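Chain residues, written in single-letter form:
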Amino acid sequence: MKKLSRVIFVPVVVVLALLALPGSLNLFPQANAAGVNVAVFSAQVPLPCYGPCITANITTNQANIGDSVTVTGVICPPANNVTVRVIFTRPNYSWIDRYVLTNNVTGEFNATQQLDMAGFWNIFPVYGHINDRLYCVVTDPHPDPLAPTPVPPTLSLFKPNYLVVVLAILALCVGVGAVILGMRRKTRKISSIRLLVQILIVFALFFGVFIDHQYTPFPAEQLAPHEFLIGATSQSILPDGLPVPAFACWYPCGRTFTCPLWQLQTYVYPFWNAGHGWGVDYTIPGLERLGLVLAVVIVAAVLLGRFWCGWVCPFGLYMDVMTKLRKAVKIKHRSFSQRFNEKFHQLSYVILALIVILSVVFASEFIAGTQLVTGTQQGGFVSTYYSAPFCQVCPMKPLCLLVEVCVGSMKSDWIFGTTTGQFWQLGQYVTSLNLAALALVTAAAFFFRRSWCRICPLGALIALFNRFPPFKWISGVRLEKAEEKCTKCGVCKRVCPTQVTEVYEAKGGDVATSQCLMCLRCVEMCPEKDCLKFKVAGKTVCKSRNWLEKP
């Protein structure tokens, strides 16, 4: 393990271990027994406000048919004569609208509604284009055995987003065409297949973009549909969706999986305790959710390693597109010096450590009852602007959101209208800081191949559980080199998009490192037959061939 990797890895492990200490030892019994943070809205002093938002709570999540529930919330900033719409959506998709005035000074509001149907109710307090999401499960304590079984309503099929369908067909045609042409060139076969796989996976990770949100059952059409999630329901233990070790960004509509970095941040801060999150309700504490996410990431990393980066991650495809654009305009790529490149790679572990440490520091009040940084309380400056701190600078978030606005999968009001505070400040959706990060990363990727992948914290997280002992010993993927067949031609070193030199320098055996993306460009370009082999579970999937010989 590299020295800097060890220096960063050890503190991160210690911090993660300390996370489990308060819960396991019950050091802070003064916390809410249910583990739920309940917002208290003062009638005298308004909550601190740093930008437009709405937060709400409900009196109970379990009720009998005929009972009434009260939704209590606050808008920020308060203003005169502001009306909030509270939508009580029945299990059969019909709904009840309640329009209530907010307090001119504090921004508080409340709405009481009798629930007249058994089943799961979605409740949406809506303030302009900003909304919160609550729920209540209604049961009938005295069901009539002679009453007919209710028939679920027949809903019209979702109308497809034809623009996305057309773009998907064009993208697949490009991928299929690349495979057909690549089969004729021995040095492009693997790269062509990889391009097709990347295109297919992008549409799989964001499958919901095929469905036009304008035609989802009302009133959901007014809300960003994050509900197209694999294995996630309103009652699941991971209602944000199953994690996949790729940049499957949480913020855009239509995602099917979720980026584990978002979950690792928010499950520490601000959703350490079970309770209401951003549009979902958690049934288990954050420590248990963290354990589940880490378990999935570890298994995925052990099985495929950074193959996720080279073949699955949609932001990796964006990096490759930048490279193809550079080649199209015939600009030669640039390379870092070997010394700088090694240090640059180590930055990924620094970023990963900062993500974990910042999240824990911000969550100190929730975890240990002591606020280490002012403004981390609900409604505070840090809570408003720095929840999920890495996501506020992540280049993938604005890329996804802007693309979905362009294809009509999200409304521009959701992207720009709900930004917390001024545009230059950090917020929930796109801000100038996000756009600056995307612009910088795009420019770097244009001249330096896969530049972002060299410092990606998610790639560092995968590498920790695949390329370093003991995980390396049981890794499901291996890049093996036959020492006796290597002629030291240096092709593998020149074609590597992240400038990995170990494949060239190592004598033999498993030559993949934590920096290797498993893109297999070295296997594809190696002119020595059987010198390099890519193995999955011990089975050779592809190997180098002598492409210099004429057939």
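The structure we're discussing is the one just above.
It should be emphasised that the depicted structure is a prediction, and the values quoted were computed from it without experimental measurement.

Colleague: Break down the sheet that holds strand 1 (residues 53-58) for me, with residues and values.
Modeller: With antiparallel pairing, 3 strands are arranged side by side in an open sheet as 1-3-6. Strands with a single pairing partner mark the edges of an open sheet, and in this sheet they are strand 1 and strand 6 (108-114). Along the sheet, successive strands turn relative to each other by an average axial angle of 20°, direction set aside. Inspection of the sheet shows strand 3 (residues 68-76) paired to strand 6 by 7 bridges, in the antiparallel sense. Counterpart to V74 in the pairing with strand 6 is E108.

Colleague: Explain the nonpolar core residue by residue, including any values.
Modeller: Among the nonpolar cores identified, the biggest contains 110 residues, and F247, Y251, F315, M396, W452 and L479 are the most heavily contacted of them. Looking at this core element by element, the count peaks at 8 residues for helix 8 (residues 338-362). Those residues in contact with W452, other than ones at most four positions away along the chain, are F247, F315, M319, F390, P395, V441 and P457. Counting 23 residues, the second-largest nonpolar core is a separate cluster that includes A56, V69, V84 and V100.

Colleague: Explain helix 11 (residues 396-406) to me, using residue names and the numbers behind them.
Modeller: When helix 11 is considered as a whole, its buried residues turn out to be M396, K397, P398, L399, C400, L401 and E404. G408 occupies a position one or two residues after helix 11 and carries a positive phi of about 85°.

Colleague: Account for unusual backbone geometry, with residues named and values stated.
Modeller: Note that the residue after Y269, namely P270, is joined by a cis bond; omega there is 15°. As for its placement among the helices and strands, P270 is situated in the loop between helix 4 (260-266) and strand 10 (275-276). Note the cis peptide between P469 and P470, where omega equals 0°. With respect to the helices and strands, the residue P470 is situated in the loop between helix 14 (457-464) and strand 12 (477-481). Of note in this structure, K330 is not a glycine but carries a positive phi near 60°. Along the chain, K330 turns up in the loop between helix 7 (314-328) and helix 8.

Colleague: Before we move on, could you go through the packing of helix 8 against helix 14 and cite the residues and values that matter?
Modeller: Two elements in contact, helix 8 and helix 14, have axes whose closest approach is 8 Å; the angle formed by their N-to-C orientations is 95°. Classed by the angle they form, the pair helix 8 and helix 14 counts as roughly perpendicular. Contacts between helix 8 and helix 14 involve S348, Y349, I351, L352 and I355 on the former and, on the latter, P457, A460, L461, A463 and L464. A class-by-class count of the residues in the contact of helix 8 with helix 14 yields 9 nonpolar, 1 polar and no charged.

Colleague: Explain the environment of W278 to me, and be specific about the residues and the numbers.
Modeller: Locating W278 in the fold gives a position in the loop between strand 10 and strand 11 (281-282). Separated by 223 residues in the primary sequence, W278 and T55 place their C-alpha atoms 9.5 Å from one another. Not counting the four nearest positions on each side in its chain, W278 is found in contact with W250, Y251, W262, T266, P270, F271 and S387.

Colleague: Run through helix 2 (residues 162-183), naming residues and quoting values.
Modeller: For helix 2, which comprises 22 residues, the first-to-last C-alpha distance of 31 Å matches the rise-based estimate of 32 Å (1.5 Å per residue) to within 8%. Along helix 2, the positions that sit buried rather than exposed are V164, A168, G175, A178, V179 and G182. Projection of helix 2 onto a plane perpendicular to its axis shows the buried side chains occupying an angular sector of 100°, all on one side. Turned more than 90 degrees from where helix 2 packs its buried face, Y162, C173 and L181 sit exposed. Residues of helix 2 that are buried sit in contact with helix 3 (189-205).

Colleague: Before we move on, can you summarise the sheet that holds strand 14 (residues 532-536) with the specific residues and values?
Modeller: The 4 strands lie next to each other as 13-12-14-15, forming an open sheet whose pairing is antiparallel. Strands with a single pairing partner mark the edges of an open sheet, and in this sheet they are strand 13 (509-510) and strand 15 (539-543). Relative to strand 13, strand 12 runs antiparallel, the two being bridged by 2 bridges. Its bridge partner being in strand 13, E480 is matched across the sheet by D510.

Colleague: A description of the side chain of N466 should follow, citing residues and the corresponding values.
Modeller: Along the chain, N466 falls in the loop between helix 14 and strand 12. At 2.7 Å, the side chain of N466 forms a polar contact with the backbone oxygen of A301. A polar side-chain atom of N466 sits 2.9 Å from a polar atom in the side chain of S475. Leaving out residues up to four positions away in the same chain, N466 has contacts with A301, V302, L304, G305, F471, K472 and S475.

Colleague: Break down the pattern of salt bridges for me, citing the residues and quoting the values.
Modeller: Overall, the coordinates contain 11 salt bridges when judged by the stated rule. The salt bridge partner of D320 is R194, with a shortest N-O separation of 3.2 Å. Here D320, found in helix 7, pairs with R194, found in helix 3; they are 126 residues apart in sequence, far enough to count as distant. The same class applies to D320 as to R194, namely buried.

Colleague: Residue-level account of the environment of V407, with values.
Modeller: Structurally, V407 is set in the loop between helix 11 and helix 12 (412-417). Owing to a relative accessible area of 14%, V407 belongs among the buried residues under this scheme. With 197 residues separating them in the primary sequence, V407 and F210 have C-alpha atoms 9.9 Å apart. With residues up to four places along the chain from it excluded, the contact list for V407 reads N161, L163, V164 and L167.

Colleague: Can you tell me about the packing of aromatic side chains, naming the residues and giving the values?
Modeller: Under the defined criterion, the tally for this structure stands at 22 aromatic pairs. Centre to centre, the rings of F247 and F315 are 6.2 Å apart; their planes meet at 45°, and the pair counts as tilted. Highlighted residues: F247 in the loop between helix 3 and helix 4 and F315 in helix 7, separated in sequence by 68 residues. Exposure class is identical for F247 and F315. Each is buried. Pairwise contacts between aromatic rings join W250, Y251, W262, Y267, F271 and Y282 into one cluster. Directly above the aromatic system of Y504 lies the positively charged group of K488, at a separation of 4.7 Å from the ring centroid.

Criteria and cut-off values
Residues numbered from 1 in each chain as written. Predicted model: local features only at pLDDT ≥ 70, side-chain atom pairs only at ≥ 80, totals over all residues. Heavy atoms only, no water. Pairing = 2+ DSSP bridges. Helix = DSSP H or I, 4+ residues; strand = E, 2+ residues; numbered from the N terminus. Axes fitted to C-alpha atoms, helices over the stretch in contact; angles between N-to-C directions. Core = buried A, V, L, I, M, F, W, Y, C linked by side-chain atoms within 4.5 Å. Buried < 20%, exposed > 50% of the residue type's maximum accessible area, 1.4 Å probe, protein only. Contact = heavy atoms within 4.5 Å. Parallel < 35°, antiparallel > 145°, perpendicular 65-115°, else oblique. Nonpolar A, V, L, I, M, F, W, Y, C, P; charged D, E, K, R; others polar. Expected span 1.5 Å × (residues − 1). Arc of directions from axis to C-beta. Polar contact = N/O pair within 3.5 Å; in protein donor to acceptor, adjacent residues only side chain to side chain. Salt bridge = Lys/Arg side-chain N within 4 Å of Asp/Glu carboxyl O. Phe/Tyr/Trp six-rings, centres within 6.5 Å; stacked < 30°, edge-to-face > 60°. Lys NZ or Arg CZ within 6 Å of the ring centre and 35° of its normal.

Worth remembering: the numbers are spatial, not functional.
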